[in-house]
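If you want the building blocks of each chain, they are given just below.
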Amino acid sequence: MINRVVLVGRLTRDVDLRYTQSGNAVGQFNIAVNRNFTNANGDREADFLNCIIWRKSAENLSNFTHKGSLIGIDGRLQTRNYENKEGQRVYVTEVVVDNFSLLDSKASGEASGKQSANHTQNKPQQNNQSDPFANNGQAIDISDDDLPF
């Protein structure tokens, strides 16, 4: 049987990181995934999916993302049920995440507020002449004879 889910979307809130009694990290979050088509009004709708991630991956996701982060996840669908306080049976379907990828650039992550971008703006630009790969604003002249292929 095959049960694989691959999604790309944005976190709707910060990862809710908790620990089990045995000390395992578990993170719960929602991801908003845009649909590929528009509705009758011409608006693009999104699906909001419950996700769960375990152990070190949960800690890493919590540490390196925030609400609005663009991530890719790979996992499987799982259903579970429990009895709520009123004695009713509640069924939950969620994505159990095996792997994730951070899809935001570092610059956009800093600009969105998790990290302050001020420390990079206050640094003076340095032109290091000893670095042949430093960007000094001039075009690089490369002939065909300089290429190894």
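The structure under discussion appears in the preceding block.
Treat the numbers as computed from the prediction; the structure is a model and nothing was measured.

S.K.: Which parts of the structure should I look at to understand the overall build of the chain?
M.R.: Across its full length, the chain carries three helices and six strands. Secondary structure elements of the chain, listed N to C terminal, follow the sequence β-β-β-β-α-β-β-α-α. Burial status across the chain gives 22% buried among its 149 residues. Contacts in the chain between residues far apart in sequence, at least 24 positions, make up 55% of those at least 6 positions apart.

S.K.: What is the right way to look at the pattern of salt bridges in this model?
M.R.: It is possible for side chains of opposite charge to pair when their charged atoms get near one another. According to the stated counting rule, one finds nine salt bridges in the structure shown. Between glutamate 83 and arginine 89 there is a salt bridge whose closest N-O contact spans 3.5 Å. Accessibility expressed as a relative area gives 52% for glutamate 83, which makes it exposed.

S.K.: Sorry if this is basic, but what is going on with the nonpolar core here?
M.R.: Formed by 16 residues in total, the largest nonpolar core has its most connected members in Phe29 and Ile73. Sorting the residues of this core by element identifies strand S1 (5–11), strand S3 (25–38), strand S4 (44–54), helix H1 (55–64), strand S5 (70–83) and strand S6 (89–102) as the ones contributing at least two each. Examining the composition of this core, we find that four residues originate from one element, S3, more than from any other.

S.K.: I keep staring at H1 and nothing clicks. Help me out?
M.R.: What sets the pattern is the α-helix's 3.6 residues per turn: residues three or four places apart point alike. For H1, the set of buried residues is Ala58, Leu61 and Ser62. Angular distribution of buried residues about the axis of H1 spans 95°; they occupy a single face of the element. Structural note: H1 exposes Lys56 and Phe64 on the side pointing more than 90 degrees away from its buried face. Its buried side turned inward, H1 meets strand S2 (16–19), S3, S4, S5 and S6.

S.K.: I tried to follow unusual backbone geometry on my own but got confused; where do I start?
M.R.: Excluding glycine, most residues fall at negative phi; most peptide bonds, likewise, are trans. Backbone geometry at arginine 55 places phi at a positive 55°, although glycine is not the residue there. Tracing the backbone through its elements, the reader meets arginine 55 in helix H1.

S.K.: Just checking my understanding: could you explain the side chain of threonine 65 for this structure?
M.R.: Position of threonine 65 among the secondary structure elements: in the loop between H1 and S5. In this structure the side chain of threonine 65 is engaged in a polar contact, spanning 2.4 Å, whose partner is the backbone oxygen of leucine 61.

S.K.: Even after reading the chapter, I still don't get the pairing of S4, so can you show me in this structure?
M.R.: Residues in a regular strand project their side chains so that they alternate between the two faces of the sheet. Here S3 runs beside S4; their pairing, made up of 10 bridges, is antiparallel. Considered in S4, the bridge of isoleucine 31 is made with leucine 49. Counting the residues in the hairpin turn of S3 and S4 gives five residues, including glycine 42, whose phi is positive at 85°.

S.K.: I tried to follow the pairing of S2 on my own but got confused; where do I start?
M.R.: Two elements, S2 and S3, share four bridges in a ladder whose sense is antiparallel. Considered in S3, the bridge of tyrosine 19 is made with alanine 25. Between S2 and S3, which pair antiparallel and follow one another directly, the connecting turn spans five residues, one of which, glycine 23, has a positive phi of 95°.

About the criteria used
Residues numbered from 1 in each chain as written. Predicted model: local features only at pLDDT ≥ 70, side-chain atom pairs only at ≥ 80, totals over all residues. Heavy atoms only, no water. Helix = DSSP H or I, 4+ residues; strand = E, 2+ residues; numbered from the N terminus. Buried < 20%, exposed > 50% of the residue type's maximum accessible area, 1.4 Å probe, protein only. Contact = heavy atoms within 4.5 Å. Salt bridge = Lys/Arg side-chain N within 4 Å of Asp/Glu carboxyl O. Core = buried A, V, L, I, M, F, W, Y, C linked by side-chain atoms within 4.5 Å. Arc of directions from axis to C-beta. Polar contact = N/O pair within 3.5 Å; in protein donor to acceptor, adjacent residues only side chain to side chain. Pairing = 2+ DSSP bridges.

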